[in-house]
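# Fold and contact review
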Amino acid sequence: MRSPGTATALTAAGVTKRFGGLIAVDSMSFELADKEVLGLIGPNGSGKTTMMNLISGALKPTSGEIRLYDDGITGIGASRVAQKGVARTFQLVRMLPAMTMLENVMAGGVFGHARRWGAELEDYARALLRRIGLSHAGDTPVSALTYIDQKRVELARALASDPKILLLDEWLAGLNPTELKIGIALIEQLRAEGCTIIIVEHVMHAIRSLCDRCIVMSSGVKIAEGTPAEVLADHGVIRAYLGDADA
Amino acid sequence: MSILVIGLLLGGTYALMAMGLQLQYGVARIMNLANGEILIAGAFTTFWFYAGTKASPLFALLLVVPGAFILNWAIYRMFIFPLVRRAKSQGKLEVDSILATFGISFIAVGILLAIFGGEYLDYSYLAQPVFIFGERYGLNRVVAFLASAVLCAGLYLWLHKTRAGLALRAVSVNPSAAGLVSINVARTSALAFALGGAVTAAGGSLLSMFLTFDASLGVVFTLKALVIVILGGVGDIRGTIVASFILGFAETAVATLIDPGLTLAAAYVLFMIVLLVRPEGLFGRRPA
Amino acid sequence: MTDNLKQRPPMLADMAQAVRGQLVVTAAERRNLVISVAIFIAAALVPLIFGGYALQLAISIVMYTALATSWLLFSGPTNYIALSTAAFFGIGMYTVAGGIDLLPYPVLIFGAGVMGAAMATVVGLATLRVSGVYFVIFSLGLAELVRQIMTWLQHVLGTMSGLYVTIDRSETEYYWQLLLLTAAVFLVGWWIGRSRLGFALRIIGNDELVAVHCGINTAIAKVILFIISSAFASVAGALVAPRWGYVEPVVAFSPFVSFQVVIMALLGGTQRLWGPLLGVVPFVLLWELISIEFPSQTTLLLGVCFLLIVYVIPNGLTGIVEDAMAGRTDFRAQLSDAAKRARSVVNDPQANLGKPIREALDQIRANSAELGGTVRDSLRTAIERWNSRNA
């Protein structure tokens, strides 16, 4: 089935990001193993999304290094990082509004890590939509889809590039309980297929059930690392989330 | 040495037109391609004033500044505001306002041509030499520079010491946040636009003391003002002033050492350098 | 990890498949192609029927169609208003004028395209990586800048300010050359639309951040488009150089060319490849009129045209045409909607029938002539039920 591989998919070494006087990410170092699902959690404003933006290349680190399967990807720009095999979803879902569902998925599969075109691209996109569980006709405009379906399209778009690493930035946010179950099952499916994923989440039971390992950030710094159970019982983590009284 | 001084004198006077555009683009967020024409209108009005009254052109400012303020307020209300209202995104507004102000600039040129004809206009005022560091310079340039410095300083103080100025600076940093602290963004933008036009026209008025103008020169001045604003950084007054001096100096150097017909080329070289090296300008905020 | 490398077919087969993919057309596309070819053939026959003044106008129309459509190739997808057409047009003219004594004319035409592409590369790489506004400003002064440099160069090299191009060609030849250029522009535009580049541009136009994260180098995509668009403008200049005969900077780089091209393209509409054509024809004729009747107010009237387009016809003539066509289908949808509402209200025993049914009925009565079969039936049923309830 699946077992975390031995190769290191992603290395972050001393990654720091400053915005003027504000240090959003402070000397973060961690490793992501091949086929592992890593949870990145922490209170609001702890720098999780900034970290995701640094990995995906949307932001350039002020200092530090990021390597993808031992290939340096620090500061090369988001489009090149995507071509090398990092795909992501966004905190607020970003559809291509004037395009159909199928075209949205196809968009991910042309210029990224996998480069398909024509009939081959279309077939692959359709297969992905089926795999994700969307049964609408391919030419449905995305503006007509529900929020969970749009999120699925975004996920399919990310998968269309055969990424080496998938970044899910609060992908389960804003879902009602039924949709949440579907969403978690979907990520579980990806995990079973051997995808390497970094999940930023606030939904704790999803973190517990999906992640092999967890890293906790607070004010830009890593304050805990370990299995979800270990990390969520850690006093420092509880204090970061809830304050001193509940530690 | 003389290049340095002339360049500084020129740059200092350019500062006004750049400030005007800074107010219009930085605060009201309208790329006003008719900026140069407002400058020309200020220059022509001063010429007409001087030709008619023979009084110091500095008095023309009393006419030009309020006149330009009212004119630009009217332009904003009639032409720009409908675009702001109907624009679905900042990008669409930029495109629309560029085209609209472009159209206005043509109409302005047409009107100026109709009133003043196509010849070059200049007048001789305070053309006596004055000596600085042992070289002679036109007194008119010095006076224009001093007047410009006074006006710029006044503008700077107003922006930093008054509530209205604070509102303007707030809107230039973040319009939606400014709206949340109950600043009337629409009104502030209109004020900024009108004020920008008045400042630019004042600049034209002062420049007319030592430069020759014709109705079609507007575009060149618009471009120079833009290069200054971009070089200095959108939204930053200090940047505008520093960049004005840089451009004035570069232009004078090129005109003296290479060829006087390449002044625009000098501005464009600066433009290219900014775009390639530091697109946010000297003092601009780097987008995250 | 390295799986993808193994999956890739050899490069030649890849390219062949890409070309084959490009050539597959749908029925609708085939129809459009046939119509386009028919129009071009009809256009080609024009010089055989008309001569003199009409032919001169036709030459203007064809030249501006080439310029406006190639302008659209870049400014349409990116929404950056390029004001630089005159700069490239002038470069094309000067390539011919400067080289006419050194190289054969056909080589110079190609050379003009190369020069235009080279300048577009420099300008594009410098300006297209940052906000679109800076590009527009840069392009505004580009023609003026090139003119200044040209003047200075000629001054330094000691040549006269104007250059003669003495090639003898008939008006018909100019017309056909420009028509061929226009056909090439359309062909390239069509090809781009179906290509990866076209897809990339659509994605960029929808959401640039998503485009970047899909692996698209957005700056390069825009630069490539800009190069293609500008090269065509240069070739147009090269083709027209011998017709004007005497080339000097003030005339070759006249900014009016840029502005008129923009107006024509906007007037026609920027959402369709054939949009500019729709704007060129009326505008060329209108401008002829203006040049004759109001020669000293051309600048002012140009400004008025700009304002009219921004405020009155923001979507161009194609927008108006397509809105009119969409209005009819839209209206049918509205009616069938009204029918559904009427039916659901009638079938609901709890519903308060009065207002919704009355509104639907009014809509029906006002437009009964337009109704389609099923819509009419369901409405009839609704009316009957309502009548039976309220008899």
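These figures come from a predicted structure and were not determined experimentally. (Residues numbered from 1 in each chain as written. Chains lettered and ligands numbered in written order. Predicted model: local features only at pLDDT ≥ 70, side-chain atom pairs only at ≥ 80, totals over all residues.)

### Side note on the overall build of chain B
Stated formally: Segments assigned H or I by DSSP are reported as helices when at least four residues long, segments assigned E as strands when at least two residues long, and all are numbered from the N terminus. In this treatment the radius of gyration is a C-alpha quantity, and the globule benchmark scales as 2.2 Å times the residue count to the 0.38 power. Any residue whose C-beta has 12 or fewer other C-beta atoms within 10 Å is treated as exposed, any with 20 or more as buried, and any in between as partly exposed, C-beta atoms being built from the backbone. Here the contact rule is simple: place C-beta atoms from the backbone, and any two residues whose C-beta atoms are within 7 Å are in contact.
Check the secondary structure of chain B and you find 11 helices and 2 strands. Mapped from its N terminus to its C terminus, chain B presents α and β elements in the order α-α-α-α-β-β-α-α-α-α-α-α-α. Taking 288 residues into account, the globule formula puts the C-alpha radius of gyration at 19 Å, and chain B, at 18 Å, falls close to it. Along the first, second and third principal axes, the C-alpha atoms of chain B reach 55 × 40 × 35 Å. A burial count over chain B gives 53% of its 288 residues as buried. Relative to all contacts within chain B whose residues are 6 or more apart in sequence, the contacts with residues 24 or more apart total 76%.

### What to know about the overall build of chain C
When its secondary structure is counted, chain C shows 19 helices and 2 strands. In chain C, which comprises 391 residues, the proportion classed as buried is 42%. Counting contacts in chain C only where the partners sit at least 6 residues apart, residues at least 24 apart contribute 78% of the total.

### Let's talk about the nonpolar core
Inclusion rule: In this description, a nonpolar core means buried residues of the types Ala, Val, Leu, Ile, Met, Phe, Trp, Tyr and Cys, linked to one another by C-beta atoms lying within 7 Å.
Among the nonpolar cores identified, the biggest contains 279 residues, and Val105(A), Val227(B), Met93(C), Leu178(C), Ile203(C), Ala236(C) and Ile263(C) are the most heavily contacted of them. The element best represented in this core is helix α12 (residues 218-244) of chain C, accounting for 16 residues. Excluding anything up to four places from it in sequence, Ile203(C) contacts Leu96(A), Ala107(A), Val210(C), Ala211(C), Cys214(C) and Ile216(C).

### Some thoughts on helix α3 (residues 101-108) of chain A
In terms of burial, α3(A) is largely enclosed, as 8 of its 8 residues are buried. In this fold, the buried residues of α3(A) make contact with β6 (86-88), α4 (118-132) and α5 (147-159) of chain A together with α10 (196-206) of chain C.

### Here's the deal with the pairing of strand β3 (residues 37-41) of chain A
All names here are of chain A. We apply this condition: At least two DSSP bridges between two strands are needed for those strands to be called paired.
In terms of residue burial, β3 counts as a mostly covered element, since 5 of its 5 residues are buried. Residues Val37, Gly39 and Ile41 of β3 are buried on one face, and the alternating residues Leu38 and Leu40, pointing to the opposite face, are buried as well. Both β3 and strand β8 (residues 197-200) contribute to a ladder of 4 bridges, which runs parallel. Paired with valine 37 across the two strands is isoleucine 197, which belongs to β8. Bridge count between β3 and strand β9 (residues 213-218): 4 bridges; the pairing is parallel. Across the sheet, residue leucine 40 finds its bridge partner in β9, namely isoleucine 215.

### Some points on the environment of Leu93(B)
Residues and elements named next belong to chain B. Mapping leucine 93 onto the fold places it in helix α4 (residues 90-116). For the pair leucine 93 and leucine 83, spaced 10 residues apart in sequence, the C-alpha separation works out to 6.6 Å. Apart from the residues within four sequence positions on either side, leucine 93 is in contact with Leu83, Val84 and Ala87.

### Looking at the interface of chain B and chain C
This is how the line gets drawn: Basically, the charged four are Asp, Glu, Lys and Arg, the nonpolar ten are Ala, Val, Leu, Ile, Met, Phe, Trp, Tyr, Cys and Pro, and anything else, Gly included, counts as polar.
Between chain B and chain C, the contact holds 34 residues from the first and 27 residues from the second. Among the elements of the structure, α4, α9 (218-232) and α11 (263-277) of chain B are those that each provide at least two residues to the side of chain B that touches chain C. No other element matches α4(B), which puts 17 residues into the side of chain B that touches chain C. Class assignment of the residues belonging to the side of chain B that touches chain C gives a composition of 26 nonpolar, 5 polar and 3 charged.

### Some thoughts on the sheet that holds strand β7 (residues 165-169) of chain A
Whenever strands of a sheet pair, they do so through backbone hydrogen bonds, lying parallel or antiparallel. All names here are of chain A. Going by this rule: To obtain an axis, a line is fitted to C-alpha atoms, over the contacting stretch when the element is a helix, and the angle between two such axes runs from 0 to 180 degrees between their N-to-C directions.
Strand order in this open sheet of 6 strands is β6-β7-β8-β3-β9-β10, and the pairing throughout is mixed. The open sheet has two edge strands with one neighbour each: β6 and β10 (221-226). For this sheet the average axis-to-axis angle between neighbouring strands, irrespective of direction, equals 20°.

### Topic: the packing of helix α14 (residues 255-268) of chain C against helix α15 (residues 275-293) of chain C
Residues and elements named next belong to chain C. For clarity, the threshold we go by: Note on convention: the crossing is left-handed when the near helix lies turned anticlockwise from the far helix by less than a right angle, right-handed when the turn is clockwise.
For the pair α14 and α15, the least separation of the axes is 6 Å and the interaxial angle reads 115°. Where α14 crosses over α15, the two elements pack in a sense that is right-handed. For the pair formed by α14 and α15, the contact residues are Ile263, Met264, Ala265, Leu266, Leu267 and Gly268 on the first element and Gly275, Pro276, Leu277, Leu278, Gly279, Val280 and Phe283 on the second. Of the residues in the contact of α14 with α15, the class split is 10 nonpolar, 3 polar and no charged.

### Overview of α4(A)
One turn of the α-helix equals 3.6 residues, which is why residues spaced by three or four share an orientation. All names here are of chain A. What counts is decided by this rule: Working rule for helices: expected span equals 1.5 Å times residues minus one. In this context, the arc is that of the directions from the helix axis out to the C-beta atoms.
Look at α4: 21 Å from first C-alpha to last across 15 residues, which is about the 21 Å you get at 1.5 Å a residue. Among the residues making up α4, those that are buried are Leu121, Ala125, Leu128, Leu129 and Ile132. Projected down its long axis, α4 carries its buried residues within an arc of 100°, all on one side. Residues Ala119, Glu120, Asp123 and Arg130 are exposed on α4 and point more than 90 degrees away from its buried face. If you follow the buried residues of α4, they end up packed against α3, α5 and α6 (177-192).

### Here's the deal with the environment of Thr166(C)
All names here are of chain C. The residue threonine 166 is located in the loop between β1 (163-164) and α9 (171-194) in this model. Given 8 C-beta atoms within 10 Å, threonine 166 falls into the exposed group. Along the primary structure threonine 166 and alanine 241 are separated by 75 residues, whereas in three dimensions their C-alpha atoms are 9.3 Å apart.

### Quick word on the pairing of strand β4 (residues 63-68) of chain A
Residues and elements named next belong to chain A. With 5 bridges connecting them, strand β1 (residues 8-19) and β4 associate as antiparallel partners. Pairing of leucine 10 across the sheet is with leucine 68, part of β4. Of the pairings in the sheet, the one linking β4 to strand β5 (residues 71-72) comprises 2 bridges and is antiparallel in character. From the neighbouring strand, arginine 67 faces β5, where its bridge partner is glycine 72. Between β4 and β5, which pair antiparallel in sequence order, lie 2 residues; one of them, tyrosine 69, sits at a positive phi of approximately 50°.

### A closer look at the packing of helix α5 (residues 139-161) of chain B against helix α8 (residues 185-207) of chain B
Residue and element names in this part refer to chain B. Rules: Here roughly perpendicular refers to angles of 65 to 115 degrees, roughly parallel to angles under 35, roughly antiparallel to angles over 145, and oblique to all remaining angles.
For the pair α5 and α8, interaxial distance at closest approach is 9 Å and the crossing angle is 165°. Classified by the angle their axes make, α5 and α8 are roughly antiparallel. Two packed elements cross with a definite hand, and for α5 against α8 that hand is right-handed. Counting all contacts with α5, which are made through Ala144, Ala147, Ser148, Leu151 and Leu155, the residues of α8 involved are Val199, Ala202, Gly203, Leu206 and Leu207. When grouped by side-chain class, the residues that make up the contact of α5 with α8 number 8 nonpolar, 2 polar and no charged.

### Some points on unusual backbone geometry
With phi around 70°, Asp70(A) is a residue other than glycine that occupies positive phi space. The backbone phi angle of Ser182(B) is positive, close to 60°, even though this residue is not glycine. Residue placement: Ser182(B) occurs in the loop between α7 (175-180) and α8. With 7 C-beta atoms counted inside 10 Å, the residue Ser182(B) sits in the exposed group.

### Remarks on the sheet that holds strand β2 (residues 22-33) of chain A
Residue and element names in this part refer to chain A. Read from one edge of the open sheet, 4 strands run β2-β1-β4-β5, paired in antiparallel fashion. Strand pairing shows two members of the sheet lacking a second neighbour, β2 and β5, which therefore form its edges. The strands that helix α1 (residues 48-56) touches are β1, β2 and β4; relative to β2, the one it contacts most, it runs at about 65°.

### Structural notes on the environment of Gln271(C)
Residues and elements named next belong to chain C. Along the chain, glutamine 271 turns up in the loop between α14 and α15. Counting along the chain gives 45 residues from glutamine 271 to glycine 316, while the straight-line C-alpha distance between them is 8.8 Å. Setting aside residues no more than four positions away along its own chain, glutamine 271 makes contact with Thr318 and Gly319.

### Some thoughts on the confidence of the model for chain C
If pLDDT is low for a region, its predicted coordinates should not be looked at in detail. All names here are of chain C. Quick reminder of the rule: One confidence number per residue, pLDDT, is output by the predictor and ranges from 0 to 100.
Taken as a whole, chain C shows an average pLDDT of 81; of its residues, 76% reach a score of 70 or greater. Confidence, expressed as mean pLDDT per element, reaches its minimum in chain C at helix α1 (residues 3-7) with 42 and its maximum at α12 with 93. With a pTM of 0.82, the predicted complex shows an ipTM of 0.90.

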